[in-house]
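Read off the chains here:
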Amino acid sequence: MANYTEDELAQDLENQEYKFGFTTDIDADQAPKGLNEDIIRFISAKKEEPNWMLENRLEAFEMWKKMTEPDWAHVKYKKPDFQDIIYYSAPKQTKKYESWDDVDPEMKETMKKLGISMEEQKRLTGTNVAVDFVMDSVSVATSFKAKLKELGIIFCSFSEAVQEYPELVREHMGTVVPTSDNFYAALNSAVFTDGSFCYIPKGVRCPMELSTYFRINEGGTGQFERTLVIADEGSYVSYLEGCTAPQRDENQLHAAVVELIAKDNAEIKYSTVQNWYPGDKNGLGGIFNFVTKRGICGLNSKISWTQVETGSAVTWKYPSCILKGDNSIGEFYSVAVTNNYQQADTGTKMIHLGKNTKSTIISKGISAGKSHNSYRGLVQIHKNATNSRNFSQCDSLLMTDECGAHTFPYIECKNSSSKIEHEATTSKIGEDQIFYCLQRGISEEKAIGLIVNGYCKEVLNQLPMEFAVEAQKLLTISLEGSVG
Amino acid sequence: MIEIKNLHAKIGDKEILKGLNLTVKAGEIHAIMGPNGAGKSTLASVLAGREDYEVTEGTVDFEGTDLLNLATEERAREGLFLAFQYPIEIPGVSNINFLRTAINEIRESKRENPISAKDFMALVREKSKLVELDPKLASRSVNEGFSGGEKKRNEIFQMAMLNPKLAILDETDSGLDIDALRVVANGVNTLKSDKNATIVITHYQRLLDYIVPDFVHVLYDGKIVKTGGKELALKLEEKGYDWIKEELAN
């Protein structure tokens with residue numbers, strides 16, 4: 001893996017600006033700006049949803065109206081005007097895609113630029129990633145569906161799942177992240193437009209990585225996607241998501257909800273590389289990334305979150321695990337990079353309910369420019385969670401004198417047989433380390449790349465290979481010229 | 001190899017090098033000794049290009065190039081190597097990855113192709129034997145969790161891998177027991193050729209029993225104040241530096 005990265009890094013370094021800042025010129029089918037019951041009915045009608053879904057949405061909307069935006073996070077931003085957002089925008093298409101050949105050439109071009117080559121995947125059956133591509137409000141294409149279907153695996157867009165597998169959706173949706181959970185979750189429940197759905201049947205080990213690529217394209221829109229992953233008893237799945245958006249002066253809102261359900265003896269590995277447009281050097285524009293991600297574990301099951309967060313102007317995100325089943329395991333591995341004026345408040349919640357439950361938290365924050373990077377985490381051990389264990393390690397690396405790193409760990413323990421460990425470090429990137437590299441003939445950019453990737457190694461090692469290489473490059477590019 | 005003329009350097013407002021002259025030819029080993037605070041490590045840092053120091057006067061010619069005009073990494077690529085007094089740890093970066101990056105950056109600057117994995121690993125095996133470095137250390141993170149002796153050995157291992165024209169050993173003997181000292185010295189002696197040169201900065205003459213210098217210089221108050229052969233080191237060991245200070249006073 002290392003070989004591949006080092007050799008390719010140099011070329012990528014030249015491409016140091018946000019390289020996904022382009023827009024695709026494609027006709028879009030949009031709802032008018034603003035949010036009210038009619039808009040919600042409009043979305044639901046567009047999606048040809050069953051009535052129960054519309055009812056859910058309207059109920060969520062009622063709840064949301066009574067809620068206030070959370071302000072406890074260590075971030076400052078101008079609150080979005082919820083009436084100034086387009087809640088539905090879909091690339092216009094004359095008919096439903098029956099096959100890859102029907103996909104708009106512009107769209108194919110976009111995917112190519114983003115490095116998603118479905119055509120290639122179609123040819124090479126040897127590749128092991130199935131991709132769902134969500135642009136603005138809708139899922140555009142999903143690959144490898146047929147192959148997965150043979151195993152009984154369902155991997156499709158959320159809208160399609162509502163149509164094709166309504167009972168599965170209805171049974172599980174909102175069971176991990178209830179509508180009333182928080183302001184953004186309620187908003188999402190009211191206006192979500194698409195996302196990915198995945199079901200792994202009992203005892204099946206998904207033979208390939210399932211991956212969703214999220215892309216915001218249209219200006220003035222928000223992206224509200226919903227992902228639901230259900231791993232039935234004894235099954236295994238590794239799921240990846242990647243995110244990019246065009247470069248714009250405005251702040252665009254992304255409020256997603258992700259629910260993971262690992263039934264008894266099941267395992268879900270969920271990896272994210274988040275590279276939404278972070279805004280420019282002066283802090284203008286960028287995505288507001290307000291996301292609720294949570295998983296629930298049955299008996300002996302395991303959920304592992306791995307995230308590499310380099311994008312977004314403001315990030316508010318706490319992928320969490322409810323360790324309900326005895327002997328279940330929750331893991332959170334995170335690298336969060338902030339540069340210029342970016343702000344991130346991210347971390348996890350590990351809720352230990354079952355006996356012998358175990359959780360591991362490894363968080364690496366890297367702050368550069370004038371950015372602020374916070375880790376916020378909760379480890380909660382309930383009174384029946386005997387012999388449960390947690391290990392947390394939160395490290396912060398500062399690249400400049402003007403950035404900030406903050407840690408807000410909360411620990412609540414109601415069981416005396418439990419063991420909780422917390423380690424934290426804060427360090428400034430060593431000028432001595434850089435000088436050492438320079439003295440061996442290594443350029444400053446490469447030196448920073450080496451040092452930062454070394455610092456994040458524990459987390460990067462958790463990513464599937466293809467993503468790890470991508471993530472390493474992304475880290476180096478995000479921190480280009482950031483030492484001060 | 002290197003010709004230093006009237007070199008003045010300061011850190012902040014404090015002038016540390018005050019007109020230093022030194023010429024080293026290919027095939028030679030020079031030892032620089034001197035009391036604490038004389039400017040020995042400053043000289044090493046200035047030559048390597050550490051930014052904390054400001055050169056106010058003087059010239060340094062390195063194989064026909066103006067060394068002071070080059071950036072730190074360019075100096076390294078031209079063949080200047082500094083074995084650090086306190087080698088730094090780089091967690092998560094394997095020694096091998098680090099060295100391969102360094103070798104390829106140097107090769108790239110010379111418009112050469114990157115080294116093949118096979119050649120590289122052969123080189124690692126050959127050179128780690130030279131300094132009796134446990135091959136396991138080669139795959140561990142750079143200097144992380146290394147003992148003092150292992151760190152110094154690792155410096156000489158890196159030097160062997162990079163094959164520099166001019167190596168500056170900054171107090172490489174400090175913190176070494178006699179066995180490690182012999183290993184390090186043996187490495188340096190084996191690497192010696194008529195095409196390269198070494199500057200050994202040391203406090204004690206002990207190292208010079210193993211690395212025999214062609215010249216010994218005394219650095220005092222920012223200048224080379226005395227130059228001699230190996231016997232000068234023995235005299236310093238025996239008598240200390242006071243007699244030199246007295247000589248200078250007269």
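Every chain is numbered on its own, with residues counted from 1 as its sequence reads. Whichever chain is written first is A, and whichever ligand is written first is 1; the rest continue in order. Where local features are concerned, this predicted model is filtered to residues with pLDDT of at least 70; where side-chain atom pairs are given and counted, the filter is 80 or more; whole-chain, interface and lining totals use all residues. Hydrogens and waters are ignored; side-chain quantities use all the structure's heavy atoms.

S.K.: Tell me what's going on with the pattern of salt bridges, and back it up with residues and numbers.
M.R.: Basic side-chain nitrogens of Lys or Arg form a salt bridge, by our definition, when they fall within 4 Å of a carboxyl oxygen of Asp or Glu. In this structure the tally under the stated criterion is 30 salt bridges over all chains. For the salt bridge of Arg 50 of chain B with Asp 432 of chain A, the shortest nitrogen-to-oxygen distance reads 3.1 Å. Within this pair, whereas Arg 50 of chain B is found in the loop between α1 (40-48) and β4 (54-62), its partner Asp 432 of chain A is found in helix α10 (residues 431-439), the two belonging to separate chains. For Glu 105 of chain B, the salt bridge identified is with Lys 446 of chain A, shortest N-O distance 3.4 Å. Of this pair, Glu 105 of chain B sits in helix α3 (residues 95-109) while Lys 446 of chain A sits in helix α11 (residues 444-455), on two different chains. Just as Glu 105 of chain B is buried, Lys 446 of chain A falls in that class too. Put simply, Lys 364, Asp 395 and Glu 458 of chain A are held in one network by salt bridges that share partners. Each helix is a run of DSSP H or I of at least 4 residues and each strand a run of E of at least 2, with the numbering of both proceeding from the N terminus. To sort residues, take the accessible area from a 1.4 Å probe on protein chains only and compare it with the maximum for the residue type: under 20% means buried, over 50% means exposed, and anything in between is partly exposed.

S.K.: Mind laying out unusual backbone geometry, listing which residues take part and the relevant values?
M.R.: Residues and elements named next belong to chain A. We note that Asn 265 has phi near 60°; this positive angle belongs to a residue other than glycine. Residue placement: Asn 265 occurs in the loop between β11 (257-262) and β12 (267-274). The residue Asn 387 is not glycine, and still its phi comes out positive at about 55°. Within the fold, Asn 387 resides in the loop between β20 (372-381) and β21 (389-398). For Asn 387, a relative accessible area of 46% corresponds to the partly exposed category.

S.K.: Before we move on, can you summarise helix α6 (residues 148-162) of chain B with the specific residues and values?
M.R.: Expected helix span is taken as 1.5 Å per residue step, with the number of steps being one fewer than the number of residues. The end-to-end C-alpha distance of α6 of chain B is 21 Å, a good match for the 21 Å that 15 residues give at a rise of 1.5 Å each. Of all 15 residues making up α6 of chain B, 12 are buried, and the element is well covered by its neighbours. Among the residues of α6 of chain B, those classed as buried are Gly 149, Lys 151, Lys 152, Asn 154, Glu 155, Ile 156, Phe 157, Gln 158, Met 159, Ala 160, Met 161 and Leu 162 of chain B. Contacts made by the buried residues of α6 of chain B are with α10 of chain A together with β6 (80-83), α3, α4 (117-130), β9 (166-170) and α7 (178-191) of chain B. Remark: Asn 163 of chain B follows α6 of chain B within two positions and exhibits a positive phi of approximately 50°. In this analysis, two residues are considered to be in contact whenever any of their non-hydrogen atoms come within 4.5 Å of each other.

S.K.: Lay out the pairing of strand β17 (residues 329-338) of chain A in plain terms, naming residues and giving numbers.
M.R.: All names here are of chain A. Along β17, 9 of the 10 residues are buried, which leaves the element largely enclosed by surrounding structure. Across 8 bridges, strand β14 (residues 302-309) lies against β17 in parallel orientation. Note that in β17 the partner of Thr 306 across the bridge is Tyr 333. One requirement defines pairing of two strands: DSSP has to find at least two bridges between them. Inspection of the sheet shows β17 paired to strand β19 (residues 358-367) by 10 bridges, in the parallel sense. Residue pairing for β19: Val 335 is matched across the bridge by Lys 364.

S.K.: Break down the interface of chain B and chain A for me, citing the residues and quoting the values.
M.R.: The partner chain A presents 21 residues to the 30 residues of chain B that form the contact. At the boundary of chain B and chain A, one finds 3 salt bridges. Under the rule applied, a polar contact is a pair of N or O atoms within 3.5 Å (in protein, one hydrogen donor and one hydrogen acceptor; residues adjacent in sequence only if both atoms are side-chain atoms). Taken together, the connections running from chain B to chain A amount to 14 residue pairs in polar contact (both at pLDDT 80 or more). Of all the elements in the fold, those that place two or more residues in the side of chain B that touches chain A are α2 (72-77), β6, β7 (90-94), α3 and α6 of chain B. With 7 residues, the single largest contributor to the side of chain B that touches chain A is α3 of chain B. Three categories are distinguished: nonpolar for Ala, Val, Leu, Ile, Met, Phe, Trp, Tyr, Cys and Pro, charged for Asp, Glu, Lys and Arg, and polar for the others, with Gly belonging to the last. In terms of residue class, the side of chain B that touches chain A is made up of 16 nonpolar, 7 polar and 7 charged.

S.K.: Give a detailed account of the environment of Ala 385 of chain A, specifying residues and quantitative values.
M.R.: Residue and element names in this part refer to chain A. For Ala 385, the location among the structural elements is in the loop between β20 and β21. Separated by 34 residues in the primary sequence, Ala 385 and Ile 351 place their C-alpha atoms 9.7 Å from one another. Look past the residues within four positions of Ala 385 in its chain and what remains in contact with it is His 352, Leu 353, Gly 354, Lys 355, Thr 357, Asn 415 and Ser 418.

S.K.: Describe the packing of α4 of chain B against α6 of chain B, and please don't skip the residues or the numbers.
M.R.: Residues and elements named next belong to chain B. For every element, the axis is a line fit to its C-alpha atoms; helices are fit only across the contacting stretch, and the angle between N-to-C directions ranges from 0 to 180 degrees. The contact between α4 and α6 brings their axes to 9 Å, and the two run at 135°. Our classification of the angle between α4 and α6 gives oblique. Viewed along their axes, α4 and α6 form a crossing whose handedness is right-handed. Contacts from Phe 120, Leu 123, Val 124, Lys 127, Ser 128 and Leu 130 in α4 reach Phe 157, Ala 160 and Met 161 in α6. In terms of residue class, the contact of α4 with α6 is made up of 7 nonpolar, 1 polar and 1 charged. Angle categories are assigned with fixed cut-offs, so that under 35 degrees is roughly parallel, over 145 is roughly antiparallel, 65 to 115 is roughly perpendicular, and the rest are oblique. Crossings are assigned a handedness: left-handed for a near helix turned anticlockwise from the far helix by less than a right angle, right-handed for a clockwise turn.

S.K.: Can you lay out empty space enclosed by the protein for me, pointing to particular residues and giving the numbers?
M.R.: The pocket and cavity definitions rest on a 1 Å grid over protein atoms only: a 1.4 Å probe that fits but cannot leave marks a cavity, an open set with protein on both sides within 12 Å along at least five of seven lines marks a pocket, and residues lining either have an atom within 4 Å of a point. Grid points are joined across faces, edges and corners, and a volume is the space filled by probe spheres set on the points. Taken as a whole and assessed by the stated rule, the structure comprises 5 cavities of 30 Å³ or more. Here the largest cavity is characterised by a volume of approximately 110 Å³. For the largest cavity, the lining is made up of 19 residues, of which Ser 363, Gly 365, Asn 373, Ser 374 and Tyr 375 of chain A are closest to its centre. Only β17, β18 (343-352), β19, β20, β21 and β22 (404-413) of chain A provide two or more residues apiece to the lining of the largest cavity. In terms of residue count, the dominant contributor to the lining of the largest cavity is β19 of chain A (4 residues). A class-by-class count of the residues in the lining of the largest cavity yields 5 nonpolar, 12 polar and 2 charged. Estimated volume of the second largest cavity: approximately 80 Å³. In terms of lining residues, the second largest cavity is bounded by Met 159, Asn 163, Pro 164, Ala 167, Val 188, Leu 191, Lys 192, Asn 196, Ala 197 and Thr 198 of chain B. Of all the elements in the fold, those that place two or more residues in the lining of the second largest cavity are α7 and β10 (197-201) of chain B. Here the lining of the second largest cavity is built from residues that sort into 6 nonpolar, 3 polar and 1 charged.

In short, shape yes, function no, at least from these values alone.
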